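Examining the three-dimensional arrangement
Letter by letter, the chains look like this.
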Amino acid sequence: MQESEPRAWVEVDPEAVAYNMRVAQRIVPESQVMPVVKANAYGHGMKAIAHRLEREHPAFFGVANADEARALEEAGMITPPFLLGPVPPQEREEVVQKGWGCTVSSMEEARHLASLAKMGERQVRVHLALDTGMGREGFQPEELGEILPQLVNLDTLYVDGVMSHCPAADEEEKFTREQIELFGRCVEEIRQYVRPRFVHISASAGLLGYQVPMANMVRPGLMLYGVAPVPCPAAQELRTTLRVLTRVTLVRDLPAGHSVSYGRTYITPRPMRVATLGIGYADGWRRHLSDSGVAVFLYGTPCPLVGRVTMDQIMVDVSEAGDVIAGDVAELIGQHVTVQEVAQRAGTIPWDIFTGLGQRLPRVYRSFSD
Ligand SMILES: *Cc1c(COP(=O)(O)O)cnc(C)c1O
């Protein structure tokens, strides 16, 4: 804890994340796992999570950029980082030098990486990205015949993996099945030229919903953080990894007909006990939750948010929650209010809520099972 008690904070259970990684591993026992820890481990705190997950023998840590990769190294991780998206030119030298995993989607990237490797008198190991429908990175499958002979000619570049990404594994089954088949055909074609060690396409939804016989690695993010993006048996097994908590700063009795918060969108329909809480949209408690009906939990009682979310504070109706006083702790995300529910009410997705949790919220690490 901090010296002055925070008004709002995030509790994280790294052990629960490790447990969820073991759930993932059990679903694909033959595969290696690349836990995705980008974006501060989905708001959980990258260092603490990586520290714990390293004991689960990950193949790589999935990150978004060189800063995240460097932060992992500086935290003493021995698991190599893997940059999930295209590497911009200015990050490539460091990637080659440090031997981080990365993708290539074009001959331009491949040639640049190969020449940087040559200058450093080393080899660069890359994962060939294939665009099987995501439209974000990767070679087009039809290009392979032309580019594979060129790629194998780059003597300082080694194709260590083949990867793709599913745009709709949680939405379109037929498309996803076809995509996986296309990926398989591409992998066969690639194997006529090189022997990639890693073949991977599945993030959480793909891992939970589809078998990919030719793959030998998976890249789960969200499910490690306790949320299954698709209905599945494993969803029940996943443990809650994060709680968002805030303190009551003030409790008052308002008369009927009193307006609450900016814009006066809420008028008390009756005399109401209203608590003010120390969290707002600057902490990632989305302004879109205004007038959404979302509730916070105080003493196990759902207390509806009233009025708009402000930058640092929200107001809730605590009329039913008993003797609430300043200093009491309310749960905003956790066992009672799931991140899925909050996301739905805010008109977004759990990934967005997790990664939007503000820097102002200290992360406190503890076990939820005691
Ligand atoms: C973020 C990301 C993942 C993890 O996705 P989840 O849906 O959170 O499991 C996997 N692969 C790539 C390429 C990503 O960018």
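Residues numbered from 1 in each chain as written. Predicted model: local features only at pLDDT ≥ 70, side-chain atom pairs only at ≥ 80, totals over all residues. Heavy atoms only, no water.

**Side note on the state of the cysteines**
Taken as a whole, this structure holds zero disulfides when the rule is applied. Counting only cysteine sulfurs, Cys 166 is the nearest neighbor of Cys 232, a cysteine outside any disulfide, at a range of 15 Å. With relative accessibility at 12%, the residue Cys 232 sits in the buried group. (Disulfide = S-S within 2.5 Å. Buried < 20%, exposed > 50% of the residue type's maximum accessible area, 1.4 Å probe, protein only.)

**Things to note about the site of the ligand**
Taken together, 13 residues sit near the ligand, with Lys 38, Tyr 42, Ser 204, Gly 221 and Leu 222 positioned nearest. Note that an oxygen atom of the ligand is positioned 2.7 Å from one of the side-chain N or O atoms of Lys 38. A distance of 2.8 Å separates an oxygen atom of the ligand from a polar atom in the backbone of Gly 221. Class assignment for the residues of the shell around the ligand results in seven nonpolar, three polar and three charged. (Near = heavy atom within 4 Å. Polar contact = N/O pair within 3.5 Å; in protein donor to acceptor, adjacent residues only side chain to side chain. Nonpolar A, V, L, I, M, F, W, Y, C, P; charged D, E, K, R; others polar.)

**Here's the deal with helix H10 (residues 339-346)**
Within H10 the residues assigned to the buried category are Val 339, Val 342, Ala 343 and Ala 346. Projection of H10 onto a plane perpendicular to its axis shows the buried side chains occupying an angular sector of 100°, all on one side. Looking at the buried positions of H10, the neighbouring elements they touch are strand E17 (329-333) and helix H11 (350-355). Where H10 terminates, the next one or two residues include Gly 347, which has phi positive at roughly 75°. (Helix = DSSP H or I, 4+ residues; strand = E, 2+ residues; numbered from the N terminus. Arc of directions from axis to C-beta. Contact = heavy atoms within 4.5 Å.)

**What to know about the pairing of strand E16 (residues 314-317)**
In E16, alternate side chains face the same way, and those of Ile 314 and Val 316 on one face and Met 315 and Asp 317 on the other are all buried. One ladder, built from four bridges, connects strand E13 (residues 272-277) with E16; its direction is antiparallel. Note that in E16 the partner of Leu 277 across the bridge is Ile 314. Relative to E16, strand E15 (residues 301-306) is paired through two bridges, and the arrangement is antiparallel. If you follow Leu 305 over to E16, its bridge partner there is Val 316. (Pairing = 2+ DSSP bridges.)

**Focus: the side chain of Glu 56**
On the secondary structure map, Glu 56 appears in the loop between helix H3 (46-53) and strand E3 (61-63). We classify Glu 56 as buried; its relative accessible area is 16%. Side-chain polar atoms of Glu 56 contact the side chain of Arg 22, separated by 3.0 Å. Those residues in contact with Glu 56, other than ones at most four positions away along the chain, are Ala 18, Met 21 and Arg 22.

**Details of the nonpolar core**
Core analysis: the largest hydrophobic core is formed by 116 residues, its most contacted members being Val 37, Leu 157, Trp 285 and Ile 314. Looking at which element gives the most residues to this core, the answer is helix H6 (residues 107-119), with six residues. Domain assignment of the residues forming this core places at least three in each of domain 1 (14-228) and domain 2 (242-365). With residues near it in sequence (within four places) discarded, Leu 157 still touches Ala 110, Leu 113, Ala 114, Val 124, Val 126 and Leu 151. The next biggest cluster of nonpolar side chains, apart from the first, holds seven residues, and it includes Tyr 266, Met 272, Val 274 and Met 315. (Core = buried A, V, L, I, M, F, W, Y, C linked by side-chain atoms within 4.5 Å. Domains from an automatic or database assignment.)

**A few points about the domain arrangement of the protein chain**
Looking at the protein chain, the domain boundaries give domain 1 (14-228) and domain 2 (242-365). Averaged C-alpha coordinates put domain 1 and domain 2 at centres separated by 38 Å. Counting from both sides, the interface comprises twelve residues of domain 1 and, opposite them, nine residues of domain 2. Of the roughly 960 Å² buried at the junction of domain 1 and domain 2 (both faces included), carbon and sulfur atoms supply 71%. For domain 1, the biggest contributors to the area lost against domain 2 are Tyr 42, His 44 and Leu 222; these three give 45% of the whole. (Buried area = accessible area lost by both parts, 1.4 Å probe.)

**Quick notes on the environment of Met 107**
Inspection of the secondary structure puts Met 107 in helix H6. Residues Met 107 and Phe 139 lie 32 residues apart in sequence; the distance between their C-alpha atoms is 9.1 Å.

**Considering the packing of helix H7 (residues 144-153) against helix H8 (residues 173-191)**
One way to put it is that H7 packs onto H8 with a least axis distance of 10 Å and a crossing angle of 35°. The hand of the H7/H8 crossing is right-handed. For the pair H7 and H8, the contacting residues are Leu 144, Gly 145 and Leu 148 in the first and Cys 186, Glu 189 and Ile 190 in the second. (Axes fitted to C-alpha atoms, helices over the stretch in contact; angles between N-to-C directions. Left-handed = near helix turned anticlockwise from the far one by under 90°.)

**Some details on the packing of H3 against helix H4 (residues 66-74)**
At a closest axis distance of 10 Å, the pairing of H3 and H4 adopts a crossing angle of 60°. In terms of orientation, H3 lies oblique with respect to H4. Handedness of the crossing formed by H3 with H4: right-handed. Touching Met 46, Lys 47 and Ala 50 of H3 are Glu 68, Ala 71 and Leu 72, all from H4. For the contact of H3 with H4, the class distribution of residues is four nonpolar, no polar and two charged. (Parallel < 35°, antiparallel > 145°, perpendicular 65-115°, else oblique.)

**Focus on H7**
If you check which residues of H7 are buried, you get Leu 144, Ile 147, Leu 148 and Leu 151. Within H7, the buried residues cover an arc of 110° as seen down the axis, which keeps them to one side. Facing away from the buried surface of H7 by more than 90 degrees, the exposed residues are Glu 146 and Asn 153. Next to the buried residues of H7 lie H6, strand E6 (124-129), strand E7 (157-163) and H8.

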